[in-house]
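# Working through the structure, step by step
Take a look at the letters that make up each chain.
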Amino acid sequence: MLILLGIFGLLVLSTLLGSFFTVTTAQVAVVTRFGEFLCIAEPGLNWKWPFIDAVAGRISLRVNQITLTMETKTKDNVFVTIPISVQNRVRPDKVYDAYYKLSNPAAQIQSYVEQVILGHVPGMTLDEVFASQSGIALAVKQELDADMTEFGYEIVNVLVTDIVPDAKVKAAMNDINAAQRAQVAANARGEAEKILVVKKAEAEAESKALQGQGIANQRKAIIEGLQGSIEQFQKAVGDATTSEVMQLVLITQYFDTLKSIGESDKTNTLFLSHSPGSVKEISEQILQSMLVADRAKAG
């Protein structure tokens, strides 16, 4: 009898101790009685009636992420693949709905996402899809959150992580982009070459202008020097005319020039006309230039 009583006591004690159960943090347990929903067990130590109550299941309250891949067609007939991440969690006040109303939450969330995507992307072009990536994610979150609230789920966030067009379309887009960049580069090179040509022409024009100004100043100085020489000679020889003095000065400079050319190391052979007529003709031309310069100065 004592042995039987001991065995019975152990059975009763183990049964009583087995009626206690624990629920971890960020988790709840669904307790049923004879298969009927009884209560939601909170985190910590809990107790249930032995043989009557049972823990039907446990539900995590943490944020769960479901990764989906959607394939659809845009308005301009381009097939795109859209990876989507749906972050969701069970509402603590609607654990009953989340446990009993949905048999496969991930599959049903995917169905809702497909419905929203198929309602938005086919009405947009490929460029609009790329530009409205955040807008698509927001639309999916709003509609999905409204639909899943009834089933006890909260949609924390929806992320459209990428827009992947067909490989051939992607290659064509890269070719278009490369061609556009090449066109921009060619235009930039053309503008640079144009600027160089313009600047070179401006520099040459300025150089020619300065060169002409220098020659004009040089000739003016020569004329003024000759005028001074003529005036000094006339003061020394009173009866000499301007033409005679000019011819004498030019002959002197003429022979000085020949002397300088002959003394140069680089001079080999030089043929010149030494007739008086040539010297007279040169002097007359210079004299005529001096008269024109005087008239221009007076004017």
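Before reading further, recall that the structure is shown in the block above.
Let me sum up the structure you'll find in this document. Because the structure is a prediction, the values reported are computed rather than measured.

### What about the packing of aromatic side chains?
For the structure on display, the rule yields 5 aromatic pairs. Plain terms: the ring middles of Tyr 96 and Tyr 100 are 4.8 Å apart, the flat faces sit at 40 degrees to each other, and that makes the pair tilted. With a gap of 4 residues between them, Tyr 96 and Tyr 100 both fall in helix α2 (residues 95-100), about one helical turn apart. We classify Tyr 100 as partly exposed; its relative accessible area is 37%. With a centroid separation of 4.9 Å and an interplanar angle of 80 degrees, the aromatic rings of Tyr 99 and Tyr 100 are classed as edge-to-face. Ring pairing ties together the aromatic residues Phe 37, Tyr 96, Tyr 99 and Tyr 100, which thus form one cluster.

### Describing the packing of helix α3 (residues 105-120) against helix α5 (residues 133-148)
Orientation of α3 relative to α5, taken along the N-to-C sense of each, is 135 degrees, at an axis distance of 10 Å. By the angle between their directions, the pair α3 and α5 is classed as oblique. For the crossing formed where α3 meets α5, the hand is right-handed. Counting all contacts with α3, which are made through Ile 109, Tyr 112, Val 113, Val 116, Ile 117 and His 120, the residues of α5 involved are Ile 136, Ala 139, Val 140, Glu 143, Leu 144, Asp 147 and Met 148. Among the residues forming the contact of α3 with α5, the class breakdown is 10 nonpolar, 1 polar and 2 charged.

### Structural notes on the sheet that holds strand β5 (residues 53-60)
Strand order in the open sheet formed by 3 strands is β3-β2-β5, and the pairing between neighbours is antiparallel. Sheet topology places β3 (36-41) and β5 at the edges, where each strand pairs with a single neighbour. The mean angle between the axes of side-by-side strands here comes to 30 degrees, regardless of whether they run parallel or antiparallel. In the sheet, strand β2 (residues 27-33) pairs with β3 via 5 bridges, with the strands oriented antiparallel. Across the sheet, Val 30 pairs through a bridge with Ile 40, a residue of β3.

### Description of the environment of Val 31
Here Val 31 lies in strand β2. Residues Val 31 and Arg 58, 27 residues apart in the sequence, show an inter-C-alpha distance of 9.1 Å. The contact partners of Val 31, leaving out residues within four places of it in the chain, are Phe 21, Glu 36, Phe 37, Leu 38, Cys 39, Ala 41, Asp 53 and Ala 54.

### Re the environment of Phe 34
Examined against the element boundaries, Phe 34 turns out to sit in the loop between β2 and β3. For Phe 34, the contacting residues outside a window of four places in its chain are Phe 51 and Ile 52.

### Points about unusual backbone geometry
The backbone of Ala 26 shows a phi angle near 60 degrees, a positive value even though the residue is not glycine. Looking at the secondary structure, you find Ala 26 in the loop between β1 (20-23) and β2. According to the relative accessible area criterion, Ala 26 is partly exposed, its value standing at 28%.

### Focus: the pattern of salt bridges
Opposite charge on two side chains allows them to pair when their charged atoms are near. Taken as a whole, this structure holds 5 salt bridges when the rule is applied. Between Arg 89 and Glu 154 there is a salt bridge, with its nearest N and O atoms 3.0 Å apart. You can see Arg 89 sitting in strand β7 (residues 79-90) and its partner Glu 154 sitting in strand β8 (residues 153-160), a full 65 residues away along the chain. Looking at Arg 89, the relative accessible area reads 33%, which means it is partly exposed. For Glu 202, the salt bridge identified is with Lys 199, shortest N-O distance 3.9 Å. Of this pair, Glu 202 and Lys 199 both sit in helix α6 (residues 167-236), 3 residues apart, which is roughly one turn of that helix.

### What to know about the side chain of Asp 97
Here Asp 97 lies in helix α2. Aside from chain neighbours lying at most four places away, what touches Asp 97 is Leu 102, Glu 150, Phe 151 and Gly 152.

Quick notes on the rules
- Residues numbered from 1 in each chain as written.
- Predicted model: local features only at pLDDT ≥ 70, side-chain atom pairs only at ≥ 80, totals over all residues.
- Heavy atoms only, no water.
- Phe/Tyr/Trp six-rings, centres within 6.5 Å; stacked < 30°, edge-to-face > 60°.
- Helix = DSSP H or I, 4+ residues; strand = E, 2+ residues; numbered from the N terminus.
- Buried < 20%, exposed > 50% of the residue type's maximum accessible area, 1.4 Å probe, protein only.
- Axes fitted to C-alpha atoms, helices over the stretch in contact; angles between N-to-C directions.
- Parallel < 35°, antiparallel > 145°, perpendicular 65-115°, else oblique.
- Left-handed = near helix turned anticlockwise from the far one by under 90°.
- Contact = heavy atoms within 4.5 Å.
- Nonpolar A, V, L, I, M, F, W, Y, C, P; charged D, E, K, R; others polar.
- Pairing = 2+ DSSP bridges.
- Salt bridge = Lys/Arg side-chain N within 4 Å of Asp/Glu carboxyl O.

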